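# Working through the structure, step by step
The chain contents come next:
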Amino acid sequence: MATEATASGGYRDILGAPHALRLLTGTLVGRLPNGTGPIAAVVFTRAEGGSYSLAGGLVAAYGVATAVGQPLLGRAVDLKGQPRVQLPAAIVSALGMAVLALAGIGNIALAYAAIVVAGLFTPPLEGGLRALWPSVLGREDRVHRAYALDAVAQEVMFTVGPLLVTLLVALWSPAAALLVINVLGVLGALSVVLSEPSRAWRSDPREAHWLGALRSPGLLALLGSFFFVGLALGSITVAGLAYADDRGNASAYGWIMAALGLGALVGGVLYGARRWTGAPEKRLRVLVGLLALGYLPLMLTPGVVPMTGLAALSGVFLAPALACGFIVVDRHAPRGTVTEAFSWLVTTFGVGAALGSAVAGPAVELAGTTAGFAVAGAGGLVALLVLLATGRVLAVPGPGVRHAVSAGSADPGHTEKNTHSSENDRNGAAQPGFSSGHQA
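Model, not experiment: these values are computed from the prediction.

### A word on the overall build of the protein chain
- A tally of regular secondary structure across the protein chain gives 18 helices and six strands.
- Burial analysis of the protein chain (440 residues in total) assigns 59% to the buried set.
- Contacts in the protein chain between residues at least 24 apart in sequence constitute 85% of all its contacts with a sequence separation of at least 6.
- Accessible surface, the protein chain: about 16,000 Å² in total, of which carbon and sulfur atoms supply 70%.

### Considering the packing of helix α4 (residues 52-80) against helix α16 (residues 338-367)
- Relative to each other, α4 and α16 sit at 170°, their axes nearing to 8 Å. As far as their axial angle goes, α16 and α4 are roughly antiparallel.
- Here the contact of α4 with α16 is built from residues that sort into 13 nonpolar, eleven polar and four charged.

### Comments concerning the pattern of salt bridges
- Under the definition given, this model contains five salt bridges.
- The partner of Asp 245 in a salt bridge is Arg 46, and the shortest N-O contact between them spans 3.7 Å. Taken together, the residues span a long stretch of sequence, with Asp 245 in helix α11 (residues 217-246) and Arg 46 in helix α3 (residues 32-47) at a distance of 199 residues.
- According to the relative accessible area criterion, Asp 245 is partly exposed, its value standing at 35%.

### Here's the deal with the side chain of Ser 93
- Inspection of the secondary structure puts Ser 93 in helix α5 (residues 83-103).
- Contacts of Ser 93, omitting those with residues within four sequence positions, involve Val 117, Ala 118, Phe 121, Thr 122 and Asn 182.

### Overview of the nonpolar core
- Core analysis: the largest hydrophobic core is formed by 107 residues, its most contacted members being Trp 133 and Leu 284.
- The element contributing the most residues to this core is α11, with 13 residues.
- Setting aside anything within four residues of it in sequence, one finds Trp 133 in contact with Ala 20, Leu 24, Gly 138, Val 143, Ala 146, Tyr 147 and Asp 150.

### Describing the layout of surface pockets
- Space inside the second largest pocket adds up to approximately 270 Å³.
- The wall of the second largest pocket is formed by 15 residues, among which Val 43, Val 169, Leu 241, Ala 250 and Tyr 253 lie closest to the centre.
- For the lining of the second largest pocket, the element with the highest residue contribution is helix α8 (residues 140-171), accounting for five residues.
- Looking at the lining of the second largest pocket, its residues break down into ten nonpolar, three polar and two charged.

### Thoughts on unusual backbone geometry
- In this structure, His 19 is a non-glycine residue whose phi angle is positive, near 75°.
- Here His 19 is to be found in the loop between α1 (11-15) and α2 (20-30).
- Exposure remark for His 19: the relative accessible area of 32% places this residue in the partly exposed category.
- Even without being glycine, Thr 301 reaches a positive phi, approximately 40°.
- With respect to the element layout, Thr 301 can be found in the loop between α13 (280-295) and α14 (304-315).
- Accessibility expressed as a relative area gives 15% for Thr 301, which makes it buried.

### Concerning the packing of aromatic side chains
- All chains considered together, the criterion is met by four aromatic pairs.
- With 6.1 Å between their ring centres and 75° between their planes, Tyr 147 and Phe 326 make a pair best called edge-to-face. Here Tyr 147, found in helix α8, pairs with Phe 326, found in helix α15 (residues 318-332); they are 179 residues apart in sequence, far enough to count as distant.
- Taking relative accessible area as the criterion, Tyr 147 reaches 0% and is therefore assigned buried.
- Phe 326 sits in the buried class, given a relative accessible area of 0%.

### A look at the environment of Ala 60
- Within the element layout of this structure, Ala 60 appears in helix α4.
- When the C-alpha atoms of Ala 60 and Gly 350 are compared, they prove to be 8.4 Å apart, with 290 residues separating the residues in sequence.
- Apart from the residues lying within four places of it in its own chain, the contact partners of Ala 60 are Ala 354 and Ala 358.

### Remarks on the side chain of Ser 343
- Take Ser 343: it is sitting in helix α16.
- Excluding residues that lie within four positions of it along the chain, Ser 343 makes contacts with Gln 70, Pro 71, Gly 74 and Pro 124.

### Focus on a nonpolar patch on the surface
- A cluster of nonpolar side chains, namely Val 64, Val 68, Leu 72, Val 92, Val 116, Val 117, Leu 120 and Phe 121, defines an oily patch on the protein surface of about 560 Å² accessible area.
- For the nonpolar patch, the secondary structure elements donating two or more residues are α4 and α6 (108-120).
- In this structure, Val 117 sits in helix α6.
- Residue Val 117 is classed as partly exposed on the basis of its relative accessible area, which comes to 31%.

### Description of the packing of α2 against helix α7 (residues 125-137)
- Running from N to C, α2 and α7 point in directions that differ by 175°, and their axes come no closer than 10 Å. If you check the angle between α2 and α7, you find them roughly antiparallel. Contact residues: α2 offers Ala 20, Leu 23, Leu 24, Thr 27 and Gly 30, while α7 offers Leu 125, Glu 126, Leu 129, Leu 132, Trp 133 and Val 136.

### With respect to the confidence of the model for the protein chain
- Within the protein chain, residue pLDDT values average 80, and 85% of them lie at 70 or more.
- In the predicted structure, residues 402-440 sits below a pLDDT of 50 and forms 95 contacts with residues beyond four places in sequence or in another chain.

What counts and what doesn't
Residues numbered from 1 in each chain as written. Predicted model: local features only at pLDDT ≥ 70, side-chain atom pairs only at ≥ 80, totals over all residues. Heavy atoms only, no water. Helix = DSSP H or I, 4+ residues; strand = E, 2+ residues; numbered from the N terminus. Buried < 20%, exposed > 50% of the residue type's maximum accessible area, 1.4 Å probe, protein only. Contact = heavy atoms within 4.5 Å. Areas by Shrake-Rupley, 256 points an atom, 1.4 Å probe, with all protein chains shown as cover. Axes fitted to C-alpha atoms, helices over the stretch in contact; angles between N-to-C directions. Parallel < 35°, antiparallel > 145°, perpendicular 65-115°, else oblique. Nonpolar A, V, L, I, M, F, W, Y, C, P; charged D, E, K, R; others polar. Salt bridge = Lys/Arg side-chain N within 4 Å of Asp/Glu carboxyl O. Core = buried A, V, L, I, M, F, W, Y, C linked by side-chain atoms within 4.5 Å. 1 Å grid on protein atoms, 1.4 Å probe; cavity = no way out; pocket = protein on both sides within 12 Å on 5 of 7 lines; lining within 4 Å. Points joined across faces, edges and corners; volume = space filled by probe spheres on them. Phe/Tyr/Trp six-rings, centres within 6.5 Å; stacked < 30°, edge-to-face > 60°. Patch = residues over 30% accessible without salt bridge, like charges linked within 9 Å, V, L, I, M, F, W, Y side chains within 5 Å. pLDDT = per-residue confidence, 0-100.

Structure follows, in structure tokens:
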């Protein structure tokens, strides 16, 4: 159920908070290498004469490396703070991509090693930003709206990023595109870690447990679903290029990928402009179901103009599903594991996208472009099935999940309130905040 957002709860309220715009922009720019890296790597590999299978393999290696690195770096951030982890990781990641751009694919082993380093050290800026929102914004309703704004900002990146890669390739070369977006990534990370909230943030005390955030059954169920959403998106990265090659129109690839991001941007703006009530877990099932339906028409592969329209339509429910998923992560993450929990979400996307890219490449070569887009449709449907099968697990956060605290309380010893409380509790009551991070 949704109601109109009030002016005080709108996007301007979020962006007007101290440090919010800088953090959002810095994270957006800092994540450009991760958001556009697979596209740039595919274009670079094809320009160097590599096959679809090699392009898909490199992107898969990047995704798997990112999947491994994100939770490890996220846990390091929870333990050591953001500046000591985020900036060094960004620099090492950029150096890995620079080696790929300068050495090319002549030495396959070196190409794989370079892209693995780039993925492994991708800084967990995404999880870091979501960990910062409570200390910057305070109230729960503002943090939830910031999650929607965060998802919208990602789609700005996914809309502008492919066009930026296309522009850089047209003006210079695919290698230059890889270098430029990674330099921008380091600058974005630098802007974030030099900010006061990033320098002051510390994670909550955490229970020592080798599973960390993964000891939450609800979080595991959510990650299982978003793995298949990532698979769908990863397959589109390869299938879209095959579609453009089929029509002898290289620019069509950039337009299709940009349209996918634009559709998600529009959907995210509309979703975040309203205040939603009711359990987010139930709402997430509806959003993922609509997302899955949006991927199926891509298998029609019509002309470039209608195909671009279908790509935009397929992305409409992506940002809303992500924004709702962020809330569910927050509700199920064990105390003191906030950055790690959000990083696991990035990881599931990475592994899923890697598998999608790896499967779509051979699928295209064996059965054509339609088969590549069929992988996306299948991924969306399985993501929905996972949520339906784990509805009972997702309904209630398990033992040891984080707790929210009253944002208005001046007493550090005040009583904590479980984040699983109904979102309807907001109406007529002081807004609860989060204790995922605090000012030192």
